[in-house]
Amino acid sequence: MIPFKNLPVRQFNRDDDIQGVEAAIGSLKRNAGREYPLVIGGQTYTNTRKLNSLSPSDPSRTLAIFQKATREQAGEAINLASETLESWKATSADERADILIRAAEILRRRRDEAVATLVLEAGKNWIEADADLAEAVDFLEFYAREALRYARKQPLVPIEGEEPELFYIPLGVGVVIPPWNFPLAILTGMTSAAIVTGNTVVLKPASDTPLTGQLLAEVMTEAGLPEGVLTYLTGSGGEIGDFIVEHPRVRFICFTGSVEVGLGINERAARTAPGQIWIKRVIAEMGGKDATIIDDDADLDAAAKGIVASAFGYQGQKCSACSRLIVHERVYEPLMELVVAGTKALKVGPPEDRTNFMGPVINQAAQDKIMSYVELGHDEGCLLTGGNRIDIPGYFIEPTIFTDIKPDSRLAQEEIFGPVLAVMKVRDFDEALAVANNTVYGLTGAVYSRNEDHLNQAREVFHVGNLYFNRECTGALVGVHPFGGFNMSGTDSKAGGRDYLGLFLQAKLVSRKV
Ligand code: NAP
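Visitor: Looking at this structure, how should I read a nonpolar patch on the surface?
Guide: On the surface, Leu263, Val440 and Met488 cluster together to form a nonpolar patch covering roughly 220 Å² of accessible area. For Leu263, a relative accessible area of 34% puts it in the partly exposed group.

Visitor: Would you mind showing me how to read the sheet that holds strand 1 (residues 34–35) here?
Guide: Adjacent strands of a sheet pair through backbone hydrogen bonds, lying either parallel or antiparallel. Taken in spatial order, the 3 strands of this open sheet run 1-5-4, and their pairing is mixed. Every interior strand has two partners, whereas the edge strands, strand 1 and strand 4 (50–55), have only one. Relative to strand 5 (residues 58–67), strand 1 is paired through 2 bridges, and the arrangement is parallel. Bridging across to strand 5, Arg34 finds its partner in Ala64. Lying on the sheet, helix 7 (residues 210–222) is in contact with strand 4 and strand 5; it crosses strand 5 at an angle near 40 degrees.

Visitor: Looking at this structure, how should I read the packing of helix 3 (residues 93–109) against helix 5 (residues 126–151)?
Guide: What describes two packed helices is the angle between their axes and the distance between those same axes. Viewed as axis vectors pointing N to C, helix 3 and helix 5 meet at an angle of 165 degrees, and their least axial separation amounts to 9 Å. By the criterion of interaxial angle, the relationship of helix 3 to helix 5 is roughly antiparallel. Of the two elements, helix 3 crosses helix 5, and the hand of that crossing is left-handed. For the pair helix 3 and helix 5, contact is made by Ala93, Asp94, Ala97, Leu100, Ile101, Ala103, Ala104, Leu107 and Arg108 and by Leu133, Ala136, Val137, Leu140, Glu141, Tyr143, Ala144, Arg145, Ala147, Leu148 and Ala151, respectively. Split into classes, the residues belonging to the contact of helix 3 with helix 5 amount to 16 nonpolar, no polar and 4 charged.

Visitor: Looking at this structure, I do not really get the packing of helix 6 (residues 185–196) against helix 7. What am I missing?
Guide: Where helix 6 contacts helix 7, the axes come no closer than 10 Å and their chain directions differ by 35 degrees. You can see that helix 6 and helix 7 cross each other, and the crossing is right-handed. Along its contact with helix 6, which presents Leu187, Thr188, Thr191 and Ser192, the element helix 7 presents Gly213, Leu216 and Met220. Among the residues forming the contact of helix 6 with helix 7, the class breakdown is 3 nonpolar, 4 polar and no charged.

Visitor: What should I look at first to understand the pattern of salt bridges in this one?
Guide: When their charged atoms lie close together, side chains carrying opposite charge are able to pair. Evaluated as defined, the whole model comprises 31 salt bridges. Between Asp17 and Arg10 there is a salt bridge whose closest N-O contact spans 3.5 Å. Here Asp17 matches Arg10 in class, with each residue buried. Linking Asp132 and Lys124 is a salt bridge whose minimum nitrogen-to-oxygen distance equals 2.8 Å. Across the pair, exposure class does not vary: Asp132 and Lys124 are buried alike. Through salt bridges with shared partners, a single ionic network connects Arg10, Arg14, Asp16, Asp17, Arg111, Asp112 and Asp130.

Visitor: Would you mind going over the sheet that holds strand 17 (residues 444–448) with me for this structure?
Guide: The 7 strands are arranged 14-15-16-13-12-17-18 in an open sheet whose pairing can be described as mixed. Looking at which strands have only one partner, the edges of the open sheet turn out to be strand 14 (382–385) and strand 18 (466–469). Neighbour to neighbour, the strand axes of the sheet diverge by 20 degrees on average, direction disregarded. The pairing of strand 15 (residues 400–403) with strand 16 (residues 420–426) spans 3 bridges and is parallel. Counted as the bridge partner of Phe402 is Ala422 from strand 16. Helix-sheet contacts for helix 14 (residues 429–436) involve strand 12 (290–294), strand 13 (322–328), strand 16 and strand 17, and the interaxial angle to strand 13 is about 165 degrees. Running over the sheet, helix 15 (residues 452–461) touches strand 17 and strand 18 and is turned about 175 degrees from strand 18.

Visitor: Can you walk me through unusual backbone geometry in this structure?
Guide: Peptide bonds are, in most cases, trans, and in most cases residues other than glycine have a negative phi. Even without being glycine, Phe12 reaches a positive phi, approximately 60 degrees. Along the polypeptide, Phe12 turns up in the segment before helix 1 (15–30). In this model, Asp404 sits at a positive phi of 55 degrees, which is unusual for a non-glycine residue. One can find Asp404 in the loop between strand 15 and helix 13 (410–413).

Visitor: What should I look at first to understand the site of the ligand in this one?
Guide: Around the ligand, 32 residues are found, and the nearest of them are Ser207, Gly237, Ser258, Met286 and Glu415. Within the side chain of Ser207, a nitrogen or oxygen atom sits 2.5 Å from an oxygen atom of the ligand. Between an oxygen atom of the ligand and a main-chain N or O atom of Gly237, the distance comes to 2.8 Å. When isolated, the ligand has an accessible area of 910 Å², and the protein chains bury 86% of it. Counting residues per element, the ones that place at least two in the shell around the ligand are helix 8 (237–246), strand 10 (252–256) and helix 9 (259–270).

Visitor: Explain the pairing of strand 10 here, please?
Guide: Consecutive residues of a regular strand have side chains that alternate between opposite faces of the sheet. Among the 5 residues that make up strand 10, 5 are buried, leaving the element largely enclosed by the rest of the structure. Alternating residues of strand 10 divide into Phe252, Cys254 and Thr256 and Ile253 and Phe255, and every residue in both groups is buried. Bridging between strand 7 (residues 173–177) and strand 10 involves 4 bridges; their strand directions are parallel. For Val176, the partnering residue across the bridge sits in strand 10 and is Cys254. Handedness of the β-α-β unit built from strand 10, helix 9 and strand 11 (residues 281–285) comes out right-handed.

Visitor: Sorry, what's going on with the packing of aromatic side chains here?
Guide: Each aromatic ring pair is specified by the distance between its two centres and by the angle formed by the two planes. Applying the stated rule across the entire model yields 11 aromatic pairs. Taking 5.3 Å as the distance between ring centres and 75 degrees as the angle between the ring planes, the aromatic pair formed by Phe4 and Phe142 counts as edge-to-face. Here Phe142 lies in helix 5 and Phe4 lies in the segment before helix 1, a separation of 138 residues in the sequence. A relative accessible area of 10% means that Phe142 is categorised as buried. Relative to Phe66, the ring of Tyr36 has its centre 4.8 Å away and its plane inclined at 5 degrees; by these criteria the two rings are stacked. Here Phe66 lies in strand 5 and Tyr36 lies in the loop between strand 1 and strand 2 (38–40), a separation of 30 residues in the sequence. Both residues of the pair, Tyr36 and Phe66, belong to the buried class. Grouped by ring-pair contacts, the aromatic residues Phe4, Phe139, Phe142, Tyr143, Phe252, Tyr500 and Phe504 constitute a single cluster. Of note, Lys124 hangs over the ring of Tyr314, and the distance from its end group to the ring centre comes to 4.5 Å.

Visitor: Can you help me understand the pairing of strand 16 in this one?
Guide: Where burial is concerned, most of strand 16 is hidden: 6 out of the 7 residues are buried. Sheet analysis places strand 13 next to strand 16, joined by 5 bridges and oriented parallel. Pairing of Ile326 across the sheet is with Met424, part of strand 16.

Reading the values: rules and limits
- Residues numbered from 1 in each chain as written.
- Predicted model: local features only at pLDDT ≥ 70, side-chain atom pairs only at ≥ 80, totals over all residues.
- Heavy atoms only, no water.
- Patch = residues over 30% accessible without salt bridge, like charges linked within 9 Å, V, L, I, M, F, W, Y side chains within 5 Å.
- Areas by Shrake-Rupley, 256 points an atom, 1.4 Å probe, with all protein chains shown as cover.
- Salt bridge = Lys/Arg side-chain N within 4 Å of Asp/Glu carboxyl O.
- Buried < 20%, exposed > 50% of the residue type's maximum accessible area, 1.4 Å probe, protein only.
- Pairing = 2+ DSSP bridges.
- Helix = DSSP H or I, 4+ residues; strand = E, 2+ residues; numbered from the N terminus.
- Contact = heavy atoms within 4.5 Å.
- Axes fitted to C-alpha atoms, helices over the stretch in contact; angles between N-to-C directions.
- Parallel < 35°, antiparallel > 145°, perpendicular 65-115°, else oblique.
- Left-handed = near helix turned anticlockwise from the far one by under 90°.
- Nonpolar A, V, L, I, M, F, W, Y, C, P; charged D, E, K, R; others polar.
- Near = heavy atom within 4 Å.
- Polar contact = N/O pair within 3.5 Å; in protein donor to acceptor, adjacent residues only side chain to side chain.
- Right-handed = clockwise from strand over helix to strand, strands pointing away.
- Phe/Tyr/Trp six-rings, centres within 6.5 Å; stacked < 30°, edge-to-face > 60°.
- Lys NZ or Arg CZ within 6 Å of the ring centre and 35° of its normal.

In structure tokens:
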């Protein structure tokens, strides 16, 4: 296999790239409203309770209709995964890796369709959508290679008179629960890692983005994944989430989402159900309240660009988004002038129009929640720009900046998950680091500085899983920036890194006397 390389993200400056996505958006709109049955082991179900995929830039448009799985159906999916486990775990790592490589190839072929789906269903701009697709492809390619590495002979210390060997075996049946904000990349990454290591999976996608997840289910089938290894179980987390997490035949849960839901899953998974014979493993990647520090000697133009991109890219709906800006008082005025100017220049509108940088937030509840933080911002700080809903169909909010925010205020502490940036002024670099670490989260962070001592200090002290110097705090690349956070940001699983597949495996030692 050739060495892994990241798939470059398209910038849409070529006519054929633009026409391809335009055609795919047109086709998706023409076919809107198609209904997908629930499929469990070849059996199809059409339920009375439906899950509608809506477009956040035009919620009157139903993109597709899915079924809300019942607990009984969820139970069937888990039983099927349990039955399929024996044959799937006996399949060689080569065969499993080949399926991922074929899936990557199919996704590349369906790239425009995937981008169009992400634009319409998740409200991503074209470049963000292409980055989501590229990351999904990267996960497939990277984990395929990693599975082969894990399958190789593992080094042990030799001993006279014995032949020890250590190898990795799968855990068992896994439940994969992704969020809506990277509905292809994260969903694909978690699912493919679980599958390529020989586990069987029940995948419950986020309710806001079932159509994007459907794409992976189809791709995996076309790539030759045997029936029962992956069941795509659409349904409400609130209704079937507890059931699948608590099920005694489930061996592990791989979750990415909010801290509230993640902690609940962790608690429920820790209880031993009757008949359960293992301790469940929980891989949980959760929220962030990510900070960017601007030192007094920073390149302010580069910093301003990075701040605007990381605070408002995908409407601030990234776990890695810059939501706290911590600025040395000596450069506060010139920096904020650049940041505010850059923010005011952002184009907001329906993402079908590829010239819009910002699209809608995901749904009505998200818009209401974000706007309640904007109201709070007026009490806790001083509005520099934005602060309004945009009066067009869909869930649009202006990119918003509040300054004079106190480090302990709610705006500086709580994950807003929208286009709202809280700015804090500090006297020196020590104070900047103290403010940055004053959070329960620990996901990403960025420091703009030319001072080597300060960068070294940040390297030691800034307590985040992914720390970036003189660049934005978003945009982790598979294999380059393994991703995962500390404290309430999660279990630091480092998705896209060399340790990741180990989380889906257990090691067996066999030693023979000779
Ligand atoms: P969420 O509300 O926690 O939902 C995540 C997933 O959990 C969804 O599939 C949801 O299903 C499901 N769920 C809800 N209740 C459940 C329950 N009781 N049991 C089992 N599953 C349940 O999060 P979100 O709004 O989708 O995503 C945004 C959050 O994800 C933010 O906090 C963000 O920071 C975090 N995130 C973290 C990372 C990371 O790598 N650290 C990456 C991306 C996002 P329904 O949709 O059906 O409710």
